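Listed here are the chains, written in short residue letters.
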Amino acid sequence: IMLVPNVREELDKIPGLCKNFLPADVYNVQVLREEQCDSVVGFLAVYRVCFAMAAFFFLFSLIMIKVNSSRDPRSKIQNGFWAIKVLIMLGLCVGAFFIPRGAFGQAWMVIGLIGGFIFIIIQLILLIDFAHGWAESWVGNYEETGSKAYYCGLFFFTAVFYIVAITAVVLFYVFYADGDCKLHKFFTSFNLILCVIISIISILPQIQEFQPRSGLLQASLISSYVMYLTWSAMSNNPDKACNPSLEQIFLNGSSTSSN
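The rules behind these values
Residues numbered from 1 in each chain as written. Predicted model: local features only at pLDDT ≥ 70, side-chain atom pairs only at ≥ 80, totals over all residues. Heavy atoms only, no water. 1 Å grid on protein atoms, 1.4 Å probe; cavity = no way out; pocket = protein on both sides within 12 Å on 5 of 7 lines; lining within 4 Å. Points joined across faces, edges and corners; volume = space filled by probe spheres on them. Helix = DSSP H or I, 4+ residues; strand = E, 2+ residues; numbered from the N terminus. Nonpolar A, V, L, I, M, F, W, Y, C, P; charged D, E, K, R; others polar. Axes fitted to C-alpha atoms, helices over the stretch in contact; angles between N-to-C directions. Parallel < 35°, antiparallel > 145°, perpendicular 65-115°, else oblique. Contact = heavy atoms within 4.5 Å. Expected span 1.5 Å × (residues − 1). Buried < 20%, exposed > 50% of the residue type's maximum accessible area, 1.4 Å probe, protein only. Phe/Tyr/Trp six-rings, centres within 6.5 Å; stacked < 30°, edge-to-face > 60°. Lys NZ or Arg CZ within 6 Å of the ring centre and 35° of its normal. Core = buried A, V, L, I, M, F, W, Y, C linked by side-chain atoms within 4.5 Å.

Draft legend 1. The arrangement of the layout of surface pockets in detail. When its volume is computed, the largest pocket comes out at roughly 1500 Å³. Contributing to the lining of the largest pocket are 36 residues, with Gly112, Leu113, Gly116, Phe117 and Ile120 lying nearest its centre. Among the elements of the structure, α3 (43-63), α6 (104-145), α8 (182-202) and α10 (216-234) are those that each provide at least two residues to the lining of the largest pocket. Broken down by element, the lining of the largest pocket gets its largest block of residues, 13 residues, from α6. For the lining of the largest pocket, the class distribution of residues is 27 nonpolar, 9 polar and no charged.

Take a look at the structure:
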């Protein structure tokens, strides 16, 4: 909501919220109100909400240190007191908007980049583990029952994930990496090369010898996820020439087909 285009202009239309409420001679107060409205939209507002959520969960992670059983009195804090926890969360969110701008945005951006990188690595590890368990289960079921449906299922989903990834790459080059969008071209090509490399590595004899259940299912799932991350990054580019909206994509597609 805070990043919706033109949301700041819509706030000005609300009587008395940002302007057109105080007398014209009360300039300083009027400017202050407008600056406060500027603070509740945009990337800095998102940083403030994320800071409040991170502070909330960090606080509870400290409270729950060495809690190994539901019999621990502190476990009741984790499993109950929801009304109080919601109020604490709301209080932190509101309080975060009173943090002076200063270097907060720059500092939290760096922290967010580091945290986001770690979060993506953890997600990749969990996805690989999920796909490995999936493949191991279905291969084991095939060996026990002799039903080829399990192998057909693995082949089907592997093909689906690769088709999704390849389709995404084609759409990226057509809509997001066209013209002078060199950065988008680089990341699309670089990630495509990485996906090809991990697919080759997953079926190497050395890998198969060390991990017999490793295969293309894991690589295909990671490839699809990497393409999603690539789109997520490109879709946040402020340059509209390299970041067309869905409306522009569909309009261009319909006009091309009609011609």
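Draft legend 2. View of the packing of α8 against α10. Packing of α8 against α10 leaves a shortest axis separation of 9 Å and a crossing angle of 170°. Comparing their axes, α10 and α8 come out roughly antiparallel. Contacts from His184, Thr188, Asn191, Leu192, Cys195, Ile198, Ser199 and Ser202 of α8 reach α10 at Leu216, Ala219, Ile222, Ser223, Val226, Met227, Thr230 and Met234. Here the contact of α8 with α10 is built from residues that sort into 9 nonpolar, 7 polar and no charged.

Draft legend 3. Molecular detail of helix α7 (residues 149-176). The first and last C-alpha atoms of α7 sit 39 Å apart over 28 residues, in line with the 40 Å expected at 1.5 Å per residue. Gly153, Leu154, Thr158, Phe161, Ala165, Ala168, Val169, Phe172 and Tyr176 are the residues of α7 that are buried.

Draft legend 4. Structural view of the packing of aromatic side chains. Counted by the stated rule, this structure contains 15 aromatic pairs. Taking 5.8 Å as the distance between ring centres and 45° as the angle between the ring planes, the aromatic pair formed by Phe130 and Trp134 counts as tilted. You can see Phe130 and its partner Trp134 sitting in helix α6, 4 residues apart, about one turn around the helix. The exposure class assigned to Phe130 is partly exposed, which follows from its relative accessible area of 48%. Judged by relative accessible area, which is 16%, Trp134 ranks as buried. Through a chain of ring-to-ring contacts, three or more aromatic side chains come together here, namely Phe130, Trp134, Trp138, Tyr150, Phe156, Phe157 and Phe161. Residue placement shows Lys85 over the ring face of Trp82; its charged tip is 3.7 Å from the ring centre.

Draft legend 5. The nonpolar core, seen in detail. Core analysis: the largest hydrophobic core is formed by 10 residues, namely Ala165, Ala168, Val169, Phe172, Tyr176, Cys195, Ile222, Val226, Met227 and Met234. When residues of this core are traced back to their parent elements, those giving at least two are α7 and α10. Sort the elements by how many residues they give to this core and α7 lands first, with 5 residues. Counting 8 residues, the second-largest nonpolar core is a separate cluster that includes Trp134, Ala135, Leu154 and Leu221.

Function cannot be inferred from these measures alone, as they are strictly geometric.
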